[in-house]
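Read off the chains here:
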Amino acid sequence: MTAEVQTQKAQVLGVKGLVKRYGDHTVVDGVSFHIEAGETYGLLGPNGAGKTTIISMVAGLIPADSGSIELVGSAMTPASTRVKGHIGLVPQELAIYPDLTAKENLLFFGRLQGLSGQELKGRTAEVLELIGLADRAGEQTKKFSGGMKRRLNIGIGLLHRPTLLILDEPTVGVDPQSRNSILESVEGLATEGMAVLYTTHYMEEAERLCDRIAIIDEGKIQAEGTRNQLVELTGGVDRIDLHGSGNTSAAATALRQLPGVQHVDGGASGLALTVHNGPGLLAPIVAEAGRAGMALTSVEIVRPDLESVFLHLTGKALRD
Amino acid sequence: MKSIIGIAVVEVRLFLRDRSNIFFVFIFPLLLILLLGSQFGANSGQARVALSGAPGTELAKALAGQLEEDGVQVSTAGPETVRDQLSRGRTDVGIFTSDEDAAAYAAGRPAGLEVVTASQSAAQAVLQEVRASIQAVSTERRQQSLLESAGVPAAEAAAALVQARTSVEQPRVELVDTDDVTQVFQGLGRFDLGAAQQLLLFVFLSSLTGAATLIKARRLGVIARVMAAPVASWQALAGQALGRFGIAAVQGGYIMLGTALLFGVDWGNPLLAGLVLVLFCAVSAAAAMVIGSLMDNDAAASGVGVGLGLVLAGLGGSMVPPEFFSETLQAVSRLTPHRWAYDAFADIQRHDGTLADILPQLGVLAAMALGLLALGSFLLQRSLSRAL
């Protein structure tokens, strides 16, 4: 009983049986999860899996057809104006005014969050410093690079110190340097006690940032847990990536017949195989691929990771 | 309320950062007013007549004196110069006299005059004034001749005619309009009607361009972000609408002031006229928000805005006065905000209407604004489910 009460107190977001349909198409199908304070929770899935729709419902932008969302103990719907103050939303698109300066953008969204006076000015200066744009604060954001715009996009979400920060694919279209900077910033947030809901289709980001991950596909959560818990679901299988050209479709057909090979997935430039005992099967796989007409340029054995988990659960690669 | 004002301030700031907006909202209407003024209000409405030939003669002096007495601006020049002025529209009517004509006039004999009008529309009206003045000169000369032929010395005859003019009260003719349409427009100055029509047309048209800015904000994801903050959809829309309303109200006030100063347009009671303008601007801004929430393409929205603005202006009496409409068209006309604002302006400008007189029009405009804002708020919330 005591443990239950403590868990409830720590819970920031609780989502139960969330459903969203557009016509006959069910975009989100019975999704349930929860996030606790200081936890970074990842929604990992390919484009079109339903991640942004889930986030839109959690942020109160669109209504759910059924199910419930509870944020810091209050129901969240599009009409829950007051509750929305607990959320910092960082949408996938760059939701900033290009004709306003970085500072003007922050001041504008800060006011909407109820900040004013010295608090607003002080917090704006802090965030500009945090996202590394203090020296460019007076420039119109249309002159910024993609990475700078992304950082400002995140800074706006942090401005009012939200209880729950929602980041929807925050590194899409960002150069590696800015991407690393963004990931470092997100890592720091959880240590400050902020709950983070992070959607991505990059496996490495989910592995690096998230305490718990939900693998989502076609609107359903396929599995949920820590990285290690999810990897265990694969039953210790390895992934072998074959890169090359030639008759890859014939090679895929031949490799599917090979004992120990669970899945074969891929296209013209390469194949991804899910196998038991990768090192042991490597030689016959290479030989079979060659016989089938595939000219190999490189071969890689990948120990189980989230990509493998996704492949194992859905039968398709995450990049799809 | 803070969030509404915050959104409105940003909307105005973004508007001012686009220089083309300033041209179309503030400079373009002024240019149009100048164009209309130069076309229809040449030289502030004063008739211009150029006299040529027989300088210093009795005929030239009599014509110039009578024309000036009748309020006409008179100039003298050589025949070539006057013809040049007529062809360039710098004078309305030219009167050409010869030494023979001057001599005939001095002798009391019939004298011919060559009168040429310019091509501008106002010249025909000036010609009528010139004819009346020439008629007056002719009558006076005949009276003088009759007295002289009756044996009265010339000086005494002239003095007697002056005395007669000052001692006898001038006959006064009051025109009473008998047809309904003419009576409807009674009390209007030369530009009063057109100014009210143009004001409604321009304010509505430029307000509808606000639809495109709302669509851009939706496409950028800014609106979604605003509504993820503690801001209701109606507040987000009201903020956007307030920004557009402010721009429209400033434009409307600018046109009112400009036409009053440049063309002497009488807007009637300024407070009541301002109230009509405020409510009409509110309807215009709310209509822009509905289009901005309903459509997803800002270029298409601009096109629809211009088309809709012109159609509603036409139906609402901003192109042809609605008094000339058929009964059916009159009924259709009342579906437009332009018509209600037009009627309110008509009451204020032509009949010194009071607040009580224009309350029905104000009520309808207010209801239209609130209804459109509510519809826009619903559509904006719904638009968040659509991908742009």
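Predicted model, so just to flag it, every value in this text is computed and none were measured.

Peer 1: An account of the overall build of chain A is needed here, citing residue identities and associated values.
Peer 2: Counting its secondary structure elements, chain A contains eleven helices and 14 strands. Expressed as a percentage of its 320 residues, the buried residues of chain A come to 45%. Contacts in chain A between residues far apart in sequence, at least 24 positions, make up 68% of those at least 6 positions apart.

Peer 1: Tell me about the overall build of chain B, and please be specific about residues and values.
Peer 2: Scanning chain B from terminus to terminus reveals 17 helices and four strands. Each of the 388 residues in chain B was classed as buried or not, and the buried ones make up 41%. The long-range share in chain B, meaning contacts at least 24 apart out of those at least 6 apart in sequence, stands at 77%.

Peer 1: Quick rundown of the pairing of strand E10 (residues 220-225) of chain A? Include the residues and the values.
Peer 2: Residue and element names in this part refer to chain A. Inspection of the sheet shows strand E9 (residues 212-217) paired to E10 by five bridges, in the antiparallel sense. In the sheet register, Ile215 faces E10, and the bridge partner there is Ala223. Between the end of E9 and the start of E10, which pair antiparallel, lie two residues, with Glu218 showing a positive phi angle near 50°.

Peer 1: So, the environment of B:Phe378: which residues are in play, and what are the values?
Peer 2: Along the chain, B:Phe378 turns up in helix H17 (residues 355-383). B:Phe378 sits 145 residues away from B:Ser233 along the chain, and the two C-alpha atoms are 7.7 Å apart.

Peer 1: With reference to specific residues and values, describe the interface of chain A and chain B.
Peer 2: On the chain B side, the residues contacting the 22 residues of chain A number 21 residues. Of all the secondary structure elements, the ones that give two or more residues to the side of chain A that touches chain B are strand E6 (87-90) and helix H3 (102-112) of chain A. Ranked by residue count, the leading element in the side of chain A that touches chain B is H3(A), at four residues. Classifying every residue of the side of chain A that touches chain B by side-chain character gives twelve nonpolar, five polar and five charged.

Peer 1: Before we move on, could you go through helix H5 (residues 146-158) of chain A and cite the residues and values that matter?
Peer 2: Residue and element names in this part refer to chain A. With 13 residues, H5 should reach 18 Å at 1.5 Å per residue; the first-to-last C-alpha distance of 19 Å fits that figure. When H5 is considered as a whole, its buried residues turn out to be Lys149, Arg150, Arg151, Leu152, Asn153, Ile154, Gly155, Ile156, Gly157 and Leu158. For H5, the elements touching its buried residues are E6, H3, helix H4 (117-130), strand E7 (164-168) and helix H6 (176-191).

Peer 1: Quick one: what's the story with the confidence of the model for chain B, residue by residue and with numbers?
Peer 2: Looking at chain B as a whole, its pLDDT mean stands at 83, while 89% of the residues score no less than 70. Confidence, read as mean pLDDT per element, is least for helix H8 (residues 180-184) of chain B in chain B (62) and greatest for strand E3 (residues 93-96) of chain B (92).

Peer 1: Pulling in residues and values, what's your account of the packing of helix H3 (residues 58-69) of chain B against helix H5 (residues 99-106) of chain B?
Peer 2: All names here are of chain B. Two elements in contact, H3 and H5, have axes separated by 8 Å at closest approach and are oriented at 85°. Classified by the angle between their axes, H3 and H5 sit roughly perpendicular to one another. Only Asp101, Ala102, Tyr105 and Ala106 of H5 make contact with H3, whose side of the interface consists of Glu58, Leu59 and Ala60. Taken together, the residues of the contact of H3 with H5 sort by class into five nonpolar, no polar and two charged.

Peer 1: Talk me through unusual backbone geometry; I want residue IDs and the actual numbers.
Peer 2: The residue A:Arg161 is not glycine, and still its phi comes out positive at about 50°. Mapped onto the elements of the fold, A:Arg161 is located in the loop between H5 and E7. Exposure remark for A:Arg161: the 15 C-beta atoms within 10 Å place this residue in the partly exposed category. A positive phi angle is found at B:Asp352, which is not glycine, with a value near 50°. Among the secondary structure elements, B:Asp352 is positioned in the loop between helix H16 (337-351) and H17.

Peer 1: Mind laying out the pairing of strand E2 (residues 73-76) of chain B, listing which residues take part and the relevant values?
Peer 2: All names here are of chain B. The pairing of strand E1 (residues 48-52) with E2 spans four bridges and is parallel. The partner of Val49 across the bridge, within E2, is Val74. Considered for its hand, the β-α-β crossover made up of E1, H3 and E2 is right-handed.

Peer 1: Outline the environment of A:Ser68, supporting the account with residue identities and numerical values.
Peer 2: Residue and element names in this part refer to chain A. For Ser68, the location among the structural elements is in strand E4 (residues 66-71). Spatially, the C-alpha atoms of Ser68 and Ser32 are 9.0 Å apart, while their sequence positions differ by 36 residues. Ignoring sequence-local partners within four residues, the contact set of Ser68 consists of Lys16 and Ala75.

Peer 1: Give a description of the sheet that holds E1(B) that names residues and reports values.
Peer 2: Residue and element names in this part refer to chain B. Taken in spatial order, the four strands line up as E2-E1-E3-E4 in an open sheet, and their pairing is mixed. Across the chains shown, the open sheet's two edge strands, defined by having one partner strand only, are E2 and strand E4 (114-117). Taking each pair of neighbouring strands and ignoring which way they run, the sheet shows an average axis angle of 20°. When E1 meets E3, the two strands line up parallel, connected through four bridges. Counterpart to Ala50 in the pairing with E3 is Gly94.

Peer 1: Explain the sheet that holds strand E14 (residues 294-302) of chain A to me, and be specific about the residues and the numbers.
Peer 2: Residues and elements named next belong to chain A. An order of E12-E13-E11-E14 is seen for the four strands of this open sheet, with the pairing classed as antiparallel. The open sheet is flanked by strand E12 (261-267) and E14, the only strands paired with a single partner. Averaged over all pairs of adjacent strands, the angle between their axes in this sheet comes to 20°, without regard to strand direction. Most of the contacts of helix H10 (residues 278-291) go to E14, to which it runs at about 165°, and overall it touches strand E11 (238-246), strand E13 (270-275) and E14. Relative to E13, helix H11 (residues 306-314) is tilted by about 80°, and along the sheet it contacts E11, E12, E13 and E14.

Peer 1: So what's going on with the nonpolar core? Residues and values would help.
Peer 2: By size, the foremost hydrophobic cluster in this structure holds 163 residues, and its most contacted members are A:Val58, A:Ile166 and B:Ala286. A total of 16 residues in this core trace back to one element, the largest contributor, which is helix H13 (residues 270-294) of chain B. Leaving out residues up to four positions away in the same chain, B:Ala286 has contacts with B:Ala241, B:Ala369, B:Leu372, B:Leu373 and B:Gly376. Membership of the second largest hydrophobic core comes to 21 residues, among which are B:Leu59, B:Ala60, B:Ala123 and B:Val126.

Peer 1: An account of the confidence of the model for chain A is needed here, citing residue identities and associated values.
Peer 2: Residues and elements named next belong to chain A. For chain A, per-residue confidence averages 86 on the pLDDT scale, and 96% of positions sit at 70 or higher. Looking at the elements of chain A, mean pLDDT is at its lowest for helix H1 (residues 2-10), recorded as 48, and at its highest for H3, recorded as 93. A low-confidence stretch, residues 1-9 (pLDDT under 50), is modelled with zero contacts involving residues beyond four sequence positions or located in other chains.

Parameters and conventions
Residues numbered from 1 in each chain as written. Chains lettered and ligands numbered in written order. Predicted model: local features only at pLDDT ≥ 70, side-chain atom pairs only at ≥ 80, totals over all residues. Helix = DSSP H or I, 4+ residues; strand = E, 2+ residues; numbered from the N terminus. Buried ≥ 20, exposed ≤ 12 C-beta atoms within 10 Å, placed from the backbone. Contact = placed C-beta atoms within 7 Å. Pairing = 2+ DSSP bridges. Nonpolar A, V, L, I, M, F, W, Y, C, P; charged D, E, K, R; others polar. Expected span 1.5 Å × (residues − 1). pLDDT = per-residue confidence, 0-100. Axes fitted to C-alpha atoms, helices over the stretch in contact; angles between N-to-C directions. Parallel < 35°, antiparallel > 145°, perpendicular 65-115°, else oblique. Right-handed = clockwise from strand over helix to strand, strands pointing away. Core = buried A, V, L, I, M, F, W, Y, C linked by C-beta atoms within 7 Å.

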